[in-house]
Amino acid sequence: MLSRRLASIQSTRGYATKVTATAAEGRVSTLTVKVNAGSRYATKDGVSHLLSRFNFQNTRSRSALRLTRESELLGGVFSSTVDRDAIYLSANFLKEGLPYYVNAIADVLYKTSFKPHELPEIVLPAAKYDLTTALASPYFKASELLYSASFRNGLGNPLYYDGVEKVTLDDIKAFADKVYVKDNVEIIAKGVDAKALNGFVQDSALSQLPAGASLAATSTPKFYEGVEVRERAVGESISAIAVPVKPADFATYEVLAAYLTSPLSELSQSISSASFEKYSQAGLFSLYVKGEASAVASSIKKVVSALKGGVNLSSATGYAATKLALANESAVIASEIDVANVKDFKLGKFNYVALGDVHNLPYADEL
Amino acid sequence: MASHTSIVKAGDFILRTPALRSIFVPAAKLFCAYSGYRQLGLKFDDLIHEENPTVQKALSRLPKDEIYARNFRMLTAAQCGITHHLLSADKALKPSEDTPYLLPYLLELEAEAAERVELDNVEVAK
């Protein structure tokens, strides 16, 4: 890999929480706690987003303000993000701050006080902000529709809380009790000494987390293909296709996404964005064409017919491997996909979303 | 202005000191009984001056049923005032019902504000 990784040590000694520590040069460490509590595991729509926003609020040991100010003095920063798979609580800090940050994140998991006023005063406005900024992008709207068309439940759940299904504080608390358990939590640290980290984790509230089952998906969810969704919206039009992917085909689609967005492919001129998002046991390849409706219509027709005719991906494996390695450098968990043996790709059944000026956008059967 | 925190602190000191307690507790009970707000159906916490940001914030944090009950007591008291009537003994508030429902929220808010001031003025020793 590109960085000089000294050692990567994994351990589950003494407690069920998995700890992965990677030593690295430099003064900065990163500590991430991955909780299998993404929107696919949500008991109610949006509850995992609200829980993610509840992280780093008041705990029984220190208030949110104190946590922020103390961390600022130590030169570190916290963040809590949610995706379909997991909630990530992460901290970036100077190496010597490790014990403080292990403790702080442990307290968030174990001792968050969930005060009733925090929900309307802090968490809901923050959640609303997330949703509003996300919805400003037609890509996000289209991807939400593609996910819900491809998976319906689980991965198809909305990523953010939208208020359609009411979530109360008790729902959030119950969800937190369910997901913040030993087996469902994984600690990933970069730039720290593994032995020291293990010691601090043992001493922190992380080792007091209740035992409970891991929620992580163990089987591939059911896929739905050939679904078409059309939605009128003001603004730029977007036509998108998506293919739900089994873990065995991850490499093909990884290369395909890299190929279609690179100058190696002639289609890259017509495609606005193509991405392959990997989750545990399933992935979704999606391709977007955005712009003025009539231009979108001709572009998407061209792209889909070219993909149906088949594309040779062997020229792009090297490019995809480099791209993957670069992404792994900054990723929380490096994905181990071997793209070397990918040959060609032919588009079969897919899901289709037309968003915007749907009157001028093609139907799925016209593609 | 004395904060609620300092008043509660003084109150706790009096309760802890037997000599002071034996004087102040009966006097306070007598004062509350004779000040007459219970005969208008009010609780002591209803009398707290509410036109300031701290109390407004505390009121916004009250549970729905508490705020409903508070508004009902206020309306009752206003009606009593307009009609120059006092509530009959069975309808007047009993001392056991005179609970400090707002005070915990005020104390929490004042603690938050005090913590903020403390952290704003913290000096880092190297």
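The rules behind the values
Residues numbered from 1 in each chain as written. Chains lettered and ligands numbered in written order. Predicted model: local features only at pLDDT ≥ 70, side-chain atom pairs only at ≥ 80, totals over all residues. Heavy atoms only, no water. UniProt positions renumbered as here; feature names shortened; annotations may be inferred. Helix = DSSP H or I, 4+ residues; strand = E, 2+ residues; numbered from the N terminus. Buried < 20%, exposed > 50% of the residue type's maximum accessible area, 1.4 Å probe, protein only. Salt bridge = Lys/Arg side-chain N within 4 Å of Asp/Glu carboxyl O. Disulfide = S-S within 2.5 Å. Phe/Tyr/Trp six-rings, centres within 6.5 Å; stacked < 30°, edge-to-face > 60°. Lys NZ or Arg CZ within 6 Å of the ring centre and 35° of its normal. Contact = heavy atoms within 4.5 Å. Domains from an automatic or database assignment. Buried area = accessible area lost by both parts, 1.4 Å probe. Nonpolar A, V, L, I, M, F, W, Y, C, P; charged D, E, K, R; others polar. Polar contact = N/O pair within 3.5 Å; in protein donor to acceptor, adjacent residues only side chain to side chain.

Identification of chain B as Cytochrome b-c1 complex subunit 7 from Cyberlindnera jadinii is taken from an unreviewed UniProt entry. Taken from UniProt, the Subcellular location (unreviewed entry) comment for chain B reads in full: "Mitochondrion inner membrane". The UniProt entry for chain B carries this comment under Function (unreviewed entry): "Component of the ubiquinol-cytochrome c oxidoreductase, a multisubunit transmembrane complex that is part of the mitochondrial electron transport chain which drives oxidative phosphorylation."

Chain A goes by Cytochrome b-c1 complex subunit 2, mitochondrial in an unreviewed UniProt entry, where it is assigned to Cyberlindnera jadinii. UniProt's Subcellular location (unreviewed entry) comment on chain A is quoted here verbatim: "Mitochondrion inner membrane".

### Notes on the UniProt feature "domain: Peptidase M16 N-terminal" (unreviewed entry) in chain A
As recorded in UniProt, the feature "domain: Peptidase M16 N-terminal" (unreviewed entry) lies at residues 22-162 of chain A. From the first C-alpha to the last, residues 22-162 of chain A spans 38 Å; its make-up is 46% helix and 16% strand.

### Here we look at unusual backbone geometry
Notably, phenylalanine 114 of chain A is not glycine yet its phi reads approximately 45 degrees, a positive angle. Examined against the element boundaries, phenylalanine 114 of chain A turns out to sit in the loop between helix H3 (98-111) and helix H4 (118-135). Look at phenylalanine 114 of chain A and you get buried, because its relative accessible area is 11%. One non-glycine residue, histidine 84 of chain B, lies in positive phi territory at about 55 degrees. Note on placement: histidine 84 of chain B falls in the loop between helix H4 (64-83) and helix H5 (103-120).

### Focus: the pattern of salt bridges
Enumeration over the complete set of coordinates arrives at 24 salt bridges over all chains. In this structure, arginine 69 of chain A engages aspartate 120 of chain B in a salt bridge whose closest nitrogen and oxygen atoms are separated by 2.7 Å. One end of the pair, arginine 69 of chain A, is in helix H2 (residues 64-74); the other, aspartate 120 of chain B, is in helix H5, on a second chain. The class of aspartate 120 of chain B is partly exposed, set by a relative accessible area of 48%. In this structure, a network of salt bridges that share partners links the residues Arg62, Arg66, Glu70, Asp107 and Lys111 of chain A together with Glu115 and Glu118 of chain B.

### A word on the state of the cysteines
One pass over the structure, following the stated rule, counts zero disulfides over all chains. Here cysteine 32 of chain B stays free of any disulfide, with the sulfur of cysteine 80 of chain B as its closest cysteine sulfur at 18 Å.

### Topic: the UniProt feature "domain: Peptidase M16 C-terminal" (unreviewed entry) in chain A
Under the present numbering, the feature "domain: Peptidase M16 C-terminal" (unreviewed entry) in UniProt falls on residues 166-307 of chain A. Between the end C-alpha atoms of residues 166-307 of chain A the distance is 42 Å, and the span holds 33% helix and 26% strand.

### Here we look at the packing of aromatic side chains
All names here are of chain A. A complete count under the given rule lists 15 aromatic pairs over all chains for this structure. Ring centres 5.6 Å apart and planes at 75 degrees place the aromatic pair phenylalanine 151 and phenylalanine 223 in the edge-to-face group. On the criterion of sequence distance, the pair formed by phenylalanine 151 in helix H5 (residues 138-151) and phenylalanine 223 in the loop between helix H7 (194-203) and strand E7 (228-232) is long-range, its members being 72 residues apart. Judged by its relative accessible area of 4%, phenylalanine 151 falls in the buried class. Given a relative accessible area of 17%, phenylalanine 223 falls into the buried group. Here the aromatic residues Phe56, Phe78, Phe93, Tyr100 and Tyr101 are joined through ring pairs into a cluster of three or more. Positioned above the aromatic ring of tyrosine 224 is the side chain of arginine 152, whose terminal nitrogen or guanidinium carbon lies 3.7 Å from the ring centre. For arginine 230, the ring lying beneath its charged end belongs to tyrosine 363, and the centroid distance is 3.7 Å.

### Digging into the environment of valine 332 of chain A
Residue and element names in this part refer to chain A. Relative to the helices and strands, valine 332 resides in the loop between helix H10 (317-330) and strand E12 (344-345). Residue classification places valine 332 among the partly exposed positions, given a relative accessible area of 31%. For the pair valine 332 and lysine 346, spaced 14 residues apart in sequence, the C-alpha separation works out to 31 Å. Every residue in contact with valine 332, bar those within four places of it in the chain, is listed here: Thr32, Tyr88, Ile188 and Lys190.

### As for the domain arrangement of chain A
By a widely used convention, the size of an interface equals the accessible area lost when the partners come together. Residues and elements named next belong to chain A. One can read the domain layout of chain A as domain 1 (8-140 + 152-208) and domain 2 (228-366). A separation of 31 Å is found between the C-alpha centroids of domain 1 and domain 2. Contacts between domain 1 and domain 2 engage 13 residues on the former and 15 residues on the latter. Taken together, the two surfaces of domain 1 and domain 2 that pack against each other cover about 1100 Å², and 63% of this comes from carbon and sulfur. Among the residues domain 1 hides against domain 2, the three largest losses belong to Pro138, Tyr139 and Lys190. Together they make up 51% of the total. Elements with a minimum of two residues in the side of domain 1 that touches domain 2: strand E3 (28-35), H5 and strand E6 (185-190). Per-class residue counts for the side of domain 1 that touches domain 2 are six nonpolar, one polar and six charged.

### With respect to the interface of chain B and chain A
In this complex, chain B contributes 12 residues to the contact, which on the side of chain A involves eight residues. Together, the buried faces of chain B and chain A total about 900 Å²; carbon and sulfur atoms form 46% of this surface. Of all residues in chain B, Arg61, Glu115 and Leu119 of chain B give up the largest surface area on contact with chain A, accounting jointly for 49% of the area buried on that side. Connecting chain B to chain A are six salt bridges. At the surface where chain B touches chain A, the tally comes to seven residue pairs in polar contact (both at pLDDT 80 or more). The set of elements that each furnish at least two residues to the side of chain B that touches chain A consists of helix H3 (53-61) and H5 of chain B. For the side of chain B that touches chain A, the element with the highest residue contribution is H5 of chain B, accounting for seven residues.

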